[in-house]
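Structure assessment
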2 protein chains.
Amino acid sequence: MLMSDAIAEMINNLLRESNGSLEIKRNDLAEKMGCVPSQINYVITSRFTPERGYIIESRRGGGGYIRIIKKEMHKDEYLMHSFYAIGDAIDAASAAAIIRNLADNKLITAREQAIMLGAVSPKALEKLASGENIVRADIMRQQILALMK
Amino acid sequence: MLMSDAIAEMINNLLRESNGSLEIKRNDLAEKMGCVPSQINYVITSRFTPERGYIIESRRGGGGYIRIIKKEMHKDEYLMHSFYAIGDAIDAASAAAIIRNLADNKLITAREQAIMLGAVSPKALEKLASGENIVRADIMRQQILALMK
DNA sequence: ACAGTTTAGATCAAAGATAGTCAAAGTCAA
DNA sequence: TTGACTTTGACTATCTTTGATCTAAACTGT
């Protein structure tokens with residue numbers, strides 16, 4: 001088996017044992033698996049992405065760690081739908097419509113709606129020379145990803 | 001647990017017991033915790049910063065002390081404070097710190113924090129050729145304005 | 001009051017402990 | 001053969017711990 005797959009399997013086992021959330025020492029795990037530490041990063045970036053439902057947190061220095069959290073997927077379908085509805089670029093009006101939909105469907109609160117609208121408002125992006133709709137799409141995607149946590 | 005975290009926890013406990021304001025003897029605390037005195041300074045500088053709402057006062061010499069005060073701000077005050085803390089441009093780490101403060105001080109929920117973070121994450125702004133920090137500042141301001149409504 | 005001594009916190013830089021990034025080299029299937 | 005995926009390791013960034021040295025405040029004897 002591929003080293004990266006073995007590492008991923010190890011992490012998955014640990015996740016299962018620990019009920020969906022765990023902390024590892026990068027160097028320890030690397031040593032246990034017999035690989036270089038940076039390969040742990042590779043495995044995490046390639047397989048434990050937010051898109052696949054994982055949250056990663058880490059800290060360097062003494063007592064450093066990497067925390068991996070598996071979030072429960074269930075009512076995220078609507079969010080997924082919105083996520084893909086955004087596309088590569090989106091204008092302010094369409095963005096507002098999508099956000100309003102989320103609110104209408106009780107996926108976000110009124111306050112959350114206001115925050116999201118603020119972040120993608122023309123005012124927020126006024127300094128952009130160009131590509132406003134592309135950046136707006138990226139921002140929205142990150143916001144929706146944040147909701148799926 | 002990490003020594004610095006243990007010290008921070010100790011201070012937090014004392015703060016809670018004493019209702020938001022306390023005085024410690026640096027050397028005594030260091031001895032109690034089993035660390036060098038200067039580590040107390042390190043913990044204070046890294047975790048009890050004014051940015052996080054703490055005021056530090058101290059005195060040297062006989063009867064010296066370090067006083068730590070947790071400052072309570074009112075919501076509007078805090079939002080204003082954050083708004084101005086942003087400045088014309090802001091990097092991702094500083095933005096995260098400000099957002100985290102809002103959450104720590106119960107001005108936003110964990111979900112709102114996640115949304116705000118998402119919107120100003122490097123990932124959300126990765127398409128920008130330049131001026132990332134300027135756009136980030138604008139986005140943050142609009143998000144905070146949304147909270148003041 | 002003054003000078004010298006003692007007490008106690010501040011500062012800073014070096015060393016230690018971790019994790020992240022990036023690009024080059026390797027592998028493998030289409 | 002090419003392109004995607006994997007493996008490595010050098011270099012970087014961040015956080016923590018420690019101790020030497022500096023500075024300020026209080027105390028003491030005259």
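Everything below is about the structure shown above.
Note that this is a predicted model, so its numbers are computed, not measured.

What follows is about the protein's contact with DNA strand D. Taken together, 24 residues lie near DNA strand D, and S4, Q39 and R59 of chain A together with Q39 and Y42 of chain B sit nearest. Restricting attention to atoms of DNA strand D within 4 Å of the protein, one finds that 65% of them are sugar or phosphate atoms. Between DNA strand D and S38 of chain B there is a distance of 2.7 Å, counted from a base oxygen to a side-chain nitrogen or oxygen. For DNA strand D, a phosphate oxygen lies 2.3 Å from a polar atom in the side chain of Q39 of chain B. Elements with a minimum of two residues in the surface near DNA strand D: helix 1 (3-17) and helix 3 (37-47) of chain A together with helix 1 (3-17) and helix 3 (37-47) of chain B. Residue composition of the surface near DNA strand D, grouped by class: eight nonpolar, ten polar and six charged.

The next subject is the packing of aromatic side chains. Two numbers describe a pair of aromatic rings. These are the distance of the centres and the angle of the planes. What the rule picks out here adds up to four aromatic pairs over all chains. A ring pair is formed by F48 of chain A and Y54 of chain A, whose centres lie 4.8 Å apart and whose planes are at 70°; its orientation type is edge-to-face. Given a relative accessible area of 2%, F48 of chain A falls into the buried group. Centroid distance F83 of chain B to Y84 of chain B: 5.5 Å. Interplanar angle 85°. Geometry classified as edge-to-face. The positively charged end of K70 of chain B is found above the aromatic ring belonging to Y54 of chain B, 4.7 Å away from the centroid.

On to the interface of chain A and chain B, then. Across the contact, 28 residues belong to chain A and 28 residues belong to chain B. Between chain A and chain B, the buried area comes to about 2200 Å², and carbon and sulfur atoms account for 62% of it. Together, R111, I115 and Q142 of chain A form the three largest contributors to the area buried by chain A at its contact with chain B, with a combined 25%. Scanning the region where chain A abuts chain B turns up five salt bridges. When the shortest N-O distance is used, the salt bridge between K127 of chain B and D138 of chain A registers 3.0 Å. The tally of links between chain A and chain B comes to six residue pairs in polar contact (both at pLDDT 80 or more). Of all the secondary structure elements, the ones that give two or more residues to the side of chain A that touches chain B are helix 6 (110-120) and helix 7 (132-147) of chain A. By residue class, the composition of the side of chain A that touches chain B is 14 nonpolar, seven polar and seven charged.

Definitions and limits used
Residues numbered from 1 in each chain as written. Chains lettered and ligands numbered in written order. Predicted model: local features only at pLDDT ≥ 70, side-chain atom pairs only at ≥ 80, totals over all residues. Heavy atoms only, no water. Near = heavy atom within 4 Å. Polar contact = N/O pair within 3.5 Å; in protein donor to acceptor, adjacent residues only side chain to side chain. Helix = DSSP H or I, 4+ residues; strand = E, 2+ residues; numbered from the N terminus. Nonpolar A, V, L, I, M, F, W, Y, C, P; charged D, E, K, R; others polar. Phe/Tyr/Trp six-rings, centres within 6.5 Å; stacked < 30°, edge-to-face > 60°. Buried < 20%, exposed > 50% of the residue type's maximum accessible area, 1.4 Å probe, protein only. Lys NZ or Arg CZ within 6 Å of the ring centre and 35° of its normal. Contact = heavy atoms within 4.5 Å. Buried area = accessible area lost by both parts, 1.4 Å probe. Salt bridge = Lys/Arg side-chain N within 4 Å of Asp/Glu carboxyl O.

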